[in-house]
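The residues making up each chain are set out below.
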Amino acid sequence: MKQLLALFVVFLVSCKTDTKTETAKTDSIKVDALTVDDVKLEILDFNGLEPYLTKNDDSIYVINFWATWCAPCIKELPHFEQLNKNYKENGVEVILVSLDFPHQYESKLKPFIKEYNLKSKILVLDDVNMNTWIPKVNENWDGAIPVTIIYNKDKRKFYDRPFTYNELETELKQFLN
Amino acid sequence: MKLIKTMPVLVMVFILSAFTVTIDTFNNGYEVGDIATDFKLKNIDGEMVSLANYKDAKGFIVIFTCNTCPYAVKYEDRIIALNEKYAKKGYPVIAIMPNNPDVQPGDSIEAMKARATVKGFTFPYLMDKGQKIYPQYGATKTPHVYVLEKTNRGNIVKYIGAIDDNYKDASAVNTKYVENAVDALLEGKIVPETKTRAIGCTIKVKKGS
């Protein structure tokens, strides 16, 4: 039933031309030509997200906070995809945590995921209590994105900046040894 | 002899540590209690605006904001409401657009003017030309608010952070951080929450700068 409803919403959205001028630079996404019904979103509040930030197994987790409205995030996203592809076999899991607006899940986020054919795991964080959960992610984070966390069970680093692929790989290698 | 050999090293250490300090100050910007710099920035009407122009103000609600960030857009009506409520009480809103318009053309002075007209901004909307002011404040994103209290020592930072605790829905807000801060200052009380955090859009700078 929920899926049916989602489908219906998708149809509604795809019928309508996007005339909003308020949204940030996501102009390059061609919304209307896409079928996004097979993109499923995992939408969580911070309590739901927290376990992904605190796993205690043998993997290395690369967690990137991003949004389709965030231009520097979009720019670095391919590097995370590349990292996921290159290091999956080495026990590295890339998780892309989207901070998109709920009213744009259908119109922006799903089409984006489809268009860019994102392969990394995607979680969607929908939690307005930002002043509560932002410091839980990192005490030094003031809320600007993109930010990235790389961690394993022994070590954790927080990066308050965008990455090139080489920079990202260099950081990851500190965790691989 | 030994001393002579170690001298250059010592000098290097001094120079390096001096640099570190500079960089730290630059990155961190103001903390609550610091004196905020005044500025002379161009408003969308072409006039230059400084805090010193506001002879009767008791303080300021300085908001780094822009046209293109969806969070900033979400807060436009609430920023207008803040000015409506507090300008007459002595705390006008001063909006500063910190992005480099070469990187973010949607934040050019023309675009700012257009947006201000559409929304009916009742406060100055200033271009941080050359991007010299926002780093001094330590703003990292839009929207990013600094409530300042005017004193004999200068404009003292009393609050840094978000406007309220629900970007999505103004009617579902539980805590109005900025209003609480200004109300406290107007009543001569301690600001209940001096620093809050919220997601926002990174301030856009030219690569390598």
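Note that the coordinates shown come from a computational prediction; the quantities given were computed from them, not determined experimentally.

1. What to know about the pairing of strand β7 (residues 156-159) of chain A
All names here are of chain A. Sheet topology places strand β6 (residues 147-151) next to β7; four bridges connect them, and they run antiparallel. For Ile149, the partnering residue across the bridge sits in β7 and is Phe158. In sequence, β6 turns back onto β7 through a hairpin of four residues.

2. Quick notes on the domain arrangement of chain B
All names here are of chain B. According to the domain assignment, chain B contains domain 1 (1-30) and domain 2 (31-202). Across the contact, four residues belong to domain 1 and ten residues belong to domain 2. Along the lines of polarity and charge, the residues of the side of domain 1 that touches domain 2 split into two nonpolar, two polar and no charged.

3. Considering the sheet that holds strand β5 (residues 144-145) of chain A
Spatial ordering of the open sheet is given by β5(A)-β10(B)-β7(B), a layout of three strands whose pairing is mixed. The open sheet is flanked by β5 of chain A together with β7 (141-142) of chain B, the only strands paired with a single partner.

4. Details of the interface of chain B and chain A
Residue-level contacts link 18 residues of chain B with 18 residues of chain A. Breaking the side of chain B that touches chain A down by element, the ones donating at least two residues are α2 (70-86) and β10 (200-202) of chain B. The element best represented in the side of chain B that touches chain A is β10(B), accounting for three residues. Residues that form the side of chain B that touches chain A fall into these classes: eight nonpolar, six polar and four charged. As paired elements, β5(A) and β10(B) share two bridges and run parallel to each other. If you follow A:Ala144 over to β10(B), its bridge partner there is B:Gly200.

5. Comments concerning the confidence of the model for chain B
Residue and element names in this part refer to chain B. Mean pLDDT for chain B: 90, with 86% of residues reaching 70 or above. Throughout residues 15-26 the model reports pLDDT below 50, and contacts reaching past four residues in sequence, or to other chains, amount to one contact. As a predicted assembly, this complex carries a pTM of 0.80 together with an ipTM value of 0.77.

6. Some details on the packing of helix α3 (residues 71-87) of chain A against helix α6 (residues 165-176) of chain A
All names here are of chain A. It is at 9 Å that the axes of α3 and α6 come closest, and there the two elements cross at 45°. Classed by the angle they form, the pair α3 and α6 counts as oblique. When you trace α3 past α6, the crossing you get is right-handed. When α3 is examined against α6, the residues His79, Gln82, Leu83 and Tyr87 are found in contact with a partner set consisting of Tyr165, Leu168, Glu169 and Leu172. Per-class residue counts for the contact of α3 with α6 are five nonpolar, two polar and one charged.

7. Some details on the sheet that holds strand β4 (residues 59-64) of chain B
All names here are of chain B. Taken together, eight strands build an open sheet; the order of strands is β1-β9-β8-β4-β5-β6-β2-β3 and the sheet is mixed. In this open sheet, the two strands that pair with only one neighbour each are β1 (35-36) and β3 (48-49). Note: strand β2 (residues 41-43) against strand β6 (residues 125-127), two bridges, orientation antiparallel. Bridging across to β6, Asn43 finds its partner in Leu126.

Calculation rules
- Residues numbered from 1 in each chain as written.
- Chains lettered and ligands numbered in written order.
- Predicted model: local features only at pLDDT ≥ 70, side-chain atom pairs only at ≥ 80, totals over all residues.
- Pairing = 2+ DSSP bridges.
- Helix = DSSP H or I, 4+ residues; strand = E, 2+ residues; numbered from the N terminus.
- Domains from an automatic or database assignment.
- Contact = placed C-beta atoms within 7 Å.
- Nonpolar A, V, L, I, M, F, W, Y, C, P; charged D, E, K, R; others polar.
- pLDDT = per-residue confidence, 0-100.
- Axes fitted to C-alpha atoms, helices over the stretch in contact; angles between N-to-C directions.
- Parallel < 35°, antiparallel > 145°, perpendicular 65-115°, else oblique.
- Left-handed = near helix turned anticlockwise from the far one by under 90°.

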